[in-house]
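# Residue-level structural notes
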Amino acid sequence: MKVAIYSRKSKFTGKGESTQNQIELCKEYAIKHFSIDDFVVYEDEGFSGGNTDRPEYQRMLSDAKKKKFDTLICYRLDRISRNVLDFSNTIEMLQAYNISFVSIREQFDTSTPMGRAMMYISSVFAQLERETIAERIRDNMHQLARSGRWLGGITPTGFESVSYTYQDENLSKRKAYRLSPIPEELDLIRSIYYKYLELESLTKLESWSLESHVKTRNGNNFEKSTLKMILTNPVYAVADQLLYEYFESYGADMAGPKQEFDGYHGLMVFNKHDEKKKNKVMRKDKSEWIVAVGDHMGIIPSKDWIHVQNLIDANADKAPRAGTGNYGILTRLLRCTECGSKMRVSLKHNKSKGITHYYYKCLMKEQSRGSHCNIQNLNGIDTDQIVLGELKRLAFDESDLAKELGLKKKTIHTLKKVYELDRKHLEKELAKLETSIQNLTLQLAENQNSSASKYIIQQIESIDVHIVEIRKKLQDIDDENESSLIKQMNIEIIQELMKNFTENYDNLSFEEKRKMLNQIIDEITWDGNRIEINVFGYNRTSL
């Protein structure tokens, strides 16, 4: 019988029910109760049981479907999953492949009907306990929300977090925080809201902020994402009955009664973001928000704040996407040297002639309407032809790039010969020194009690230092040799890419052409007068 063991722990630790302890306990149980031919172990450490997105767990399921084991053993039921549906699906899958399941802590064995029934009952209670804990956490969030306090995080522009003390129900002193206004920043927030209501576009709002030299509290230019974050933050809205009805219509969890929305204070909203998403902040649906009245003053009337939300929702699918379509094949490579911004393709249609013209335009120039950068645009068709023509020229055997790559290959070949000679010389020297050490060691053994022994030891130590130095030089030579081989391979890849470019480019789709150019070209820069192409970091060509 082949037995699989699955172990899991949410945190990396060697204490308590560590994955290694779980494995050992499962092995002991299996040896006592089964005739074992082999063990296969699946170990997920640092993964939650809340979902099945675990590498070893997924490998275990895959192996189960291939019948790589006959029985699956775990230390405890919740090691498999803390979710009843996931757990049930796993057990059903194991049964479909005639694989038994054993949990040694609960003493459940799916080979018996009673074991299956008891196991499901236990998993239901485990999830009930989790849901009870989650409900208690939600109740605590309600209580905190009703307090109007600031619970931490990045303080929104326009406010600072100020501490104060209060007495709890046991008359003990506690420390808490509230939002305190920063008048000049709140003035900026008002300007942003009302300018957006005027322009009705995040792109235009971004341009306005650049033209007006409006900066964030950190001294940076405002980007669309930052502006949108400000415009959708309920903290600025005046909490009145209209706003209560707005959030109630979305099914939000209202932490206080309607009469608390007094038309003066601002809002505190909790549970807005999905904490499970890694490296990306995901906003939850409004139906999951917990909405309460804060201690701070609201500054944007509810009708204006709601109007802004409706505009943002309506414009969500209208944002322009740079570099899309079959125009501007160089979009991802072009950069403006005047301000460092990328250059995007802009289209111009002539309806009467049915012709589409395109050109490359600095993104900063476009966003700031020329106030931060006013570099000349590039004719798209001409620029594409110039760059492609230059690449085809560079692909020829007699081109500057081909000569440079050939010269580098010769240099690498010469260096490899030098490395080989140096290595042979050092290896001979090393062999001599090691022989000397052996001879001196024999002399030391014969003269242990002689006064000469200390001189022999000094010689051994001196030679040993030299040996260490030679071994270090040999390692350096190996490293340099390996680096040379990598450089040689890179050059050969470049030569092959350039060959493929001339032979296949015209037959590729637009997206395939773009991918090939991204492999060949590091960067193309435009300074208003000349285009400079950086190919593989080896060649810079000005046109």
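Scope of this entry: the structure provided in the associated data block. This structure is a prediction, so every number in the text was calculated from the model and none was measured.

What follows deals with helix 12 (residues 380-395). Between its first and last C-alpha atoms helix 12 spans 23 Å; for 16 residues at 1.5 Å apiece the expected length is 22 Å, and the two agree. When we look at burial in helix 12, the residues that qualify are Gly380, Thr383, Asp384, Val387, Leu388, Glu390, Leu391, Leu394 and Ala395. Down the axis of helix 12, the buried side of the element spans an arc of 160°, and every buried residue falls inside it.

Moving on, we get to the sheet that holds strand 12 (residues 290-297). Taken in spatial order, the three strands make up an open sheet running 8-12-9, and their pairing is mixed. Each end of this open sheet is capped by a strand with a single partner; those strands are strand 8 (253-254) and strand 9 (265-270). Relative to strand 12, strand 8 runs parallel, the two being bridged by two bridges. Across the sheet, aspartate 253 pairs through a bridge with isoleucine 290, a residue of strand 12.

Bringing the pairing of strand 12 into the picture now. Extensive coverage of strand 12 is indicated by the burial of six of its eight residues. Here strand 9 pairs with strand 12 via five bridges, running antiparallel. Bridge pairing links phenylalanine 270 to isoleucine 290 in strand 12.

If you walk through the whole model with that rule in mind, you get 12 aromatic pairs. A ring pair is formed by tyrosine 193 and tyrosine 236, whose centres lie 6.2 Å apart and whose planes are at 70°; its orientation type is edge-to-face. Here tyrosine 236 lies in the loop between helix 8 (224-231) and helix 9 (241-249) and tyrosine 193 lies in helix 6 (residues 183-199), a separation of 43 residues in the sequence. Residues tyrosine 358 and tyrosine 360 carry aromatic rings whose centres are separated by 6.3 Å and whose planes lie at 90° to one another, so their mutual orientation is edge-to-face. Using a relative accessible area of 0% as the deciding quantity, one classes tyrosine 360 as buried. Here lysine 27 stacks its cationic end above the ring of phenylalanine 39, 5.7 Å away from the centre of that ring. The positively charged end of lysine 286 is found above the aromatic ring belonging to tryptophan 289, 5.8 Å away from the centroid.

Reading the values: rules and limits
- Residues numbered from 1 in each chain as written.
- Predicted model: local features only at pLDDT ≥ 70, side-chain atom pairs only at ≥ 80, totals over all residues.
- Heavy atoms only, no water.
- Helix = DSSP H or I, 4+ residues; strand = E, 2+ residues; numbered from the N terminus.
- Expected span 1.5 Å × (residues − 1).
- Buried < 20%, exposed > 50% of the residue type's maximum accessible area, 1.4 Å probe, protein only.
- Arc of directions from axis to C-beta.
- Pairing = 2+ DSSP bridges.
- Phe/Tyr/Trp six-rings, centres within 6.5 Å; stacked < 30°, edge-to-face > 60°.
- Lys NZ or Arg CZ within 6 Å of the ring centre and 35° of its normal.

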